[in-house]
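# Secondary and tertiary structure notes
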Amino acid sequence: MDEERGLTIAQRKRQVVSDELKVAALQLMAARGFDTVTVDEIVAAAGVSRRTFFRYYASKEDVVIEMLETLGDQMRAELAGRPADEPTAVALRRAVEVAVLDCKDNTGKALPVVRLVLRTPALYARSLERQAGWRDDMAEVLAARLGRDRATDMYPGLAVGIALTALEDVLRRWAESDGTADPLELTARAFEVIGPALT
């Protein structure tokens, strides 16, 4: 609410148009699949022009991938803010749970996005690119937290990579359950498996 109050009218209008494009794209893609939906159909459903679409997004892939944009920053911030004496496995689990809770709290919006990403090779490839950036950023934080040299020490990058692989498996299982499985419980199970490798 406070964030919205701080926005200018132009920024609010921009946010409304962006949200309308996202909603239109997701509804169409969820119903018919990513590959069959065109930009023309998205703009018609959103009631805007092609020119407007391309002012906001470079491609239809970007409409979906943008929804993942802030997750990496949020996980990195959570990891950076964890207590200094907290075991690495616990700190990484809490960081990953930021993304998991976002999905759990916004199932109606998140579930179609997760399904689309997992079922669409082009989107899945883009999400892996995004995850590589998350891994590098979070590994820097973990290295600093542990007093290790990221350039020579493999542990920070591998530890974060393992945690992000667990996150992907959790989201895959959650999507396969049509959102009925508890993603936090899945995360707990995943970290029981990978915990020994992180210790």
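What comes next concerns the included structure. Source: prediction; values computed, not measured.

What counts, and at which threshold
- Residues numbered from 1 in each chain as written.
- Predicted model: local features only at pLDDT ≥ 70, side-chain atom pairs only at ≥ 80, totals over all residues.
- Heavy atoms only, no water.
- Helix = DSSP H or I, 4+ residues; strand = E, 2+ residues; numbered from the N terminus.
- Expected span 1.5 Å × (residues − 1).
- Buried < 20%, exposed > 50% of the residue type's maximum accessible area, 1.4 Å probe, protein only.
- Contact = heavy atoms within 4.5 Å.
- Axes fitted to C-alpha atoms, helices over the stretch in contact; angles between N-to-C directions.
- Parallel < 35°, antiparallel > 145°, perpendicular 65-115°, else oblique.
- Nonpolar A, V, L, I, M, F, W, Y, C, P; charged D, E, K, R; others polar.
- Phe/Tyr/Trp six-rings, centres within 6.5 Å; stacked < 30°, edge-to-face > 60°.

Structurally, the α-helix is built with 3.6 residues per turn, so residues lying three or four positions apart point the same way. End to end, helix 8 (residues 107–119) covers 17 Å across 13 residues, agreeing with the expected 18 Å (1.5 Å per residue, within 8%). Among all positions in helix 8, only A110, L111, V113, V114, L116 and V117 are buried. In this structure, the buried side of helix 8 is in contact with helix 2 (9–32), helix 5 (60–65), helix 7 (88–105), helix 9 (121–146) and helix 10 (155–176).

Turning to its location among the elements, G179 is positioned in the loop between helix 10 and helix 11 (183–198). Among the residues examined, G179 registers a relative accessible area of 23% and is labelled partly exposed. Placed 136 residues apart in sequence, G179 and V43 show a C-alpha to C-alpha distance of 29 Å. If sequence neighbours within four positions are ignored, G179 has contacts with L111 and W174.

The next subject is the side chain of E97. Mapping E97 onto the fold places it in helix 7. A relative accessible area of 10% places E97 in the buried class. The residues touching E97, leaving out its near neighbours within four places in the chain, are L184 and T187.

Glancing now at the packing of helix 8 against helix 9. Geometry of a packed helix pair, given as the angle between the helix axes and the separation of the axes. Two numbers describe how helix 8 lies on helix 9: the axes approach to 5 Å, and their chain directions differ by 100 degrees. What the angle tells us is that helix 8 and helix 9 run roughly perpendicular. Contact residues: L116, V117, L118 and R119 in helix 8; P121, L123, Y124 and S127 in helix 9. Looking at the contact of helix 8 with helix 9 residue by residue, the classes come out as six nonpolar, one polar and one charged.

Before going further, it helps to spend a moment on the packing of aromatic side chains. For the coordinates displayed, the defined rule picks out two aromatic pairs. Ring geometry for F53 against F54: centres 5.1 Å apart, planes inclined by 80 degrees, an arrangement best described as edge-to-face. Classification of F53 as buried rests on a relative accessible area of 0%. According to the relative accessible area criterion, F54 is partly exposed, its value standing at 39%. Plain terms: the ring middles of F53 and Y57 are 5.8 Å apart, the flat faces sit at 45 degrees to each other, and that makes the pair tilted.

The next subject is helix 9. For helix 9, which comprises 26 residues, the first-to-last C-alpha distance of 36 Å matches the rise-based estimate of 38 Å (1.5 Å per residue) to within 8%. For helix 9, every residue scored as buried is listed here: L123, S127, Q131, W134, M138, A139, V141, L142 and A143. The inward-facing, buried residues of helix 9 abut helix 5, helix 6 (69–81), helix 7, helix 8 and helix 10. Within two residues after helix 9, G147 carries a phi angle of roughly 70 degrees, on the positive side.

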